Amino acid sequence: SPMDGINNNYRRVCRITILTKSILISNSDVKALIEHAKSEGSKESCALLIGNETDHGWNVKQIFLTENMDNSEINFTISPEQELEVDAIAKKKNMEIVCIFHSHPNSDAIPSNTDKKFMSVNPFPWIIYSCETDEMNCFILKNKNVEQLPIKES
């Protein structure tokens, strides 16, 4: 029917107008995250990033380097206490947690199967830094698909 044609066109137009959101982060915050990752040596480092989400992406305003409770080379856990503390600071500043960061000491900067499992529980963008390749990437889980987001440094 003619209505189907209209719906299809509408859907197509809609898909085009969705801009890829990016992570906006300062150069000094990126450096601090990399230093944090390198200082943890062979264990995964982690951090919580606060700021604001806009139409264009996630604006990182402040980073909180956190303790990896797992003390592991392949896993990380941020304590609920630390997460609540950071969340409270964010709210006081009219911000929210916008990103979770962790490092992969011995593998690429892409989500592991464990990461994917936790990404579905924490639907934030995840920044992963590889100490091995010196690469930093960002991912978000959308309808069970991992999508990469651009990182824009300022």
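Just above, that's the structure.
No experiment lies behind these values; they were computed from the predicted model shown.

Undergrad: Honestly, the packing of aromatic side chains in this entry has me stumped. Any pointers?
TA: Given two aromatic rings, their pairing is described by the distance between the two centres and the angle made by the two planes. Applying the stated criterion across every chain yields a total of one aromatic pair. On the numbers, 5.7 Å between centres and 65 degrees between planes, the contact of Phe-76 with Trp-126 is edge-to-face. On the criterion of sequence distance, the pair formed by Phe-76 in the loop between strand E3 (57-66) and helix H3 (80-92) and Trp-126 in strand E5 (residues 126-130) is long-range, its members being 50 residues apart. The buried category is assigned to Phe-76, whose relative accessible area is 14%. We classify Trp-126 as buried; its relative accessible area is 1%. The ring of Trp-58 has Lys-21 lying over it, and the distance from NZ or CZ to the ring centre is 5.0 Å.

Undergrad: Explanation requested: H3 in the structure shown.
TA: Helical geometry note: an α-helix holds 3.6 residues per turn, so side chains three or four residues apart project in the same direction. An ideal rise of 1.5 Å per residue puts 18 Å on 13 residues; H3 measures up with 18 Å between its terminal C-alpha atoms. Looking one or two residues past H3, Asn-94 carries a phi angle of roughly 60 degrees, positive in sign.

Undergrad: I would appreciate a short explanation of the pairing of strand E1 (residues 22-25) in the present structure.
TA: The side chains of a regular strand alternate, first on one face of the sheet and then on the other. The pairing of E1 with E3 spans three bridges and is parallel. Across the sheet, residue Ile-23 finds its bridge partner in E3, namely Trp-58. Pairing of E1 with strand E8 (residues 151-153), which is carried by three bridges, proceeds in the parallel orientation. For Ile-23, the partnering residue across the bridge sits in E8 and is Ile-151.

Undergrad: Would you take a moment to explain the environment of Ser-154 for this structure?
TA: Mapped onto the elements of the fold, Ser-154 is located in the segment after E8. Judged by its relative accessible area of 68%, Ser-154 falls in the exposed class. Residues Ser-154 and Asp-29 lie 125 residues apart in sequence; the distance between their C-alpha atoms is 9.7 Å. Dropping the residues within four chain positions of it, Ser-154 is found in contact with Ile-25, Ser-26 and Asn-27.

Undergrad: Is there a simple way to explain unusual backbone geometry in this structure?
TA: Both trends apply: most residues other than glycine have a negative phi, and most peptide bonds are in trans. Positive phi, normally seen in glycine, also occurs at Asn-71, with a value near 50 degrees. By the secondary structure assignment, Asn-71 is in the loop between E3 and H3. Unusually for a residue other than glycine, Asn-143 sits at a positive phi of about 40 degrees. Along the chain, Asn-143 falls in the loop between strand E6 (135-142) and strand E7 (145-149).

Undergrad: Honestly, the pairing of E3 in this entry has me stumped. Any pointers?
TA: Here strand E2 (residues 46-53) pairs with E3 via eight bridges, running antiparallel. Bridge pairing in E3 links Cys-46 to Thr-66. Hairpin connection between E2 and E3: a loop of three residues separates the two successive antiparallel strands.

Each value, and the rule that gives it
- Residues numbered from 1 in each chain as written.
- Predicted model: local features only at pLDDT ≥ 70, side-chain atom pairs only at ≥ 80, totals over all residues.
- Heavy atoms only, no water.
- Phe/Tyr/Trp six-rings, centres within 6.5 Å; stacked < 30°, edge-to-face > 60°.
- Helix = DSSP H or I, 4+ residues; strand = E, 2+ residues; numbered from the N terminus.
- Buried < 20%, exposed > 50% of the residue type's maximum accessible area, 1.4 Å probe, protein only.
- Lys NZ or Arg CZ within 6 Å of the ring centre and 35° of its normal.
- Expected span 1.5 Å × (residues − 1).
- Pairing = 2+ DSSP bridges.
- Contact = heavy atoms within 4.5 Å.

None of the figures reported here should be taken as evidence of function without further support.
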